Amino acid sequence: TFDPGLFEDVCVEDSFETKNLILIYYYILKSRFSEDVLHCLTAAEDIYRKIFPKLSQSTQWDIFIILYNRLFGSITSDIKYLVRANDLIDFVWSNDVFSHNKRLKLDFRGFLSALSIKFSLLDADSFRLFIEQYSDKVDNKYIESIRDYSNALLCFKERSFDKCLQNLSRKDILETVS
């Protein structure tokens, strides 16, 4: 069996963070077979956060997507996964990483996925701030629909159900976001 402690002691780090990347992927893979999934994903995320500034944006994004998908896929079993996924979004997006390439905008499906997590965890004011801060990071061809849908969710959270329906009925919003 692989001993991550021994590996960390014996393996010499290089300027590419190879040792830490191997450990991240080890913990991600282990999370698929371990009974303590959250521990494995937390270990991978801790290393990821530690070396984040040293990674290329492409690698930052790739690892984010893998970790996020593992956390999101486990949300139904425990709210801790939802909270970890939320924290991971905050960390990566606050570092202006929205895709594997700085020239690309945030994919609307990624925004919608994050929006569902934020909707579940945040109060209305914090949810509004999230929408204001990140909706313009989405590809321009989806931005209007994304804002309408986000505002519909915000109105729902604020119990303004008529406004919620108004936002949902704009243009082809449901075709865009579904």
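Our structure's up above, just so we're on the same page.
All figures in this text were calculated on a predicted structure; none of them were measured in a lab.

Digging into helix α6 (residues 108–121)
Alright, step 1. Along its 14 residues, α6 runs 20 Å from first to last C-alpha, staying within 8% of the 20 Å computed at 1.5 Å per residue.
Alright, step 2. Among the residues making up α6, those that are buried are F108, F111, L112, S113, A114, L115, I117 and K118.

Description of the side chain of S135
Alright, step 1. Checked against the element boundaries, S135 lands in the loop between α7 (124–134) and α8 (143–157).
Alright, step 2. Only 2.8 Å separates the side chain of S135 from the backbone oxygen of I131, close enough to count as a polar contact.
Alright, step 3. Apart from the residues within four sequence positions on either side, S135 is in contact with F111, F130, I143, I146 and R147.

Points about the nonpolar core
Alright, step 1. With 50 residues, the main nonpolar core has I24, Y48, F64, V92, W93 and F111 as its most contacted residues.
Alright, step 2. Breaking this core down by element, the ones donating at least two residues are α2 (18–31), α3 (37–51), α4 (57–73), α5 (79–94), α6, α7 and α8.

Comments concerning the packing of α6 against α8
Packed helices, taken two at a time, are described by their axes: the angle between them and the distance between them.
Alright, step 1. The contact between α6 and α8 brings their axes to 11 Å, and the two run at 10 degrees. Of the possible angle classes, the one that applies to α6 and α8 is roughly parallel. Of α8, the residues touching α6 (which contributes F108, F111, L112, L115 and F119) are I146, Y149, S150, L153, F156 and K157.
Alright, step 2. A class-by-class count of the residues in the contact of α6 with α8 yields nine nonpolar, one polar and one charged.

What counts, and at which threshold
Residues numbered from 1 in each chain as written. Predicted model: local features only at pLDDT ≥ 70, side-chain atom pairs only at ≥ 80, totals over all residues. Heavy atoms only, no water. Helix = DSSP H or I, 4+ residues; strand = E, 2+ residues; numbered from the N terminus. Expected span 1.5 Å × (residues − 1). Buried < 20%, exposed > 50% of the residue type's maximum accessible area, 1.4 Å probe, protein only. Polar contact = N/O pair within 3.5 Å; in protein donor to acceptor, adjacent residues only side chain to side chain. Contact = heavy atoms within 4.5 Å. Core = buried A, V, L, I, M, F, W, Y, C linked by side-chain atoms within 4.5 Å. Axes fitted to C-alpha atoms, helices over the stretch in contact; angles between N-to-C directions. Parallel < 35°, antiparallel > 145°, perpendicular 65-115°, else oblique. Nonpolar A, V, L, I, M, F, W, Y, C, P; charged D, E, K, R; others polar.

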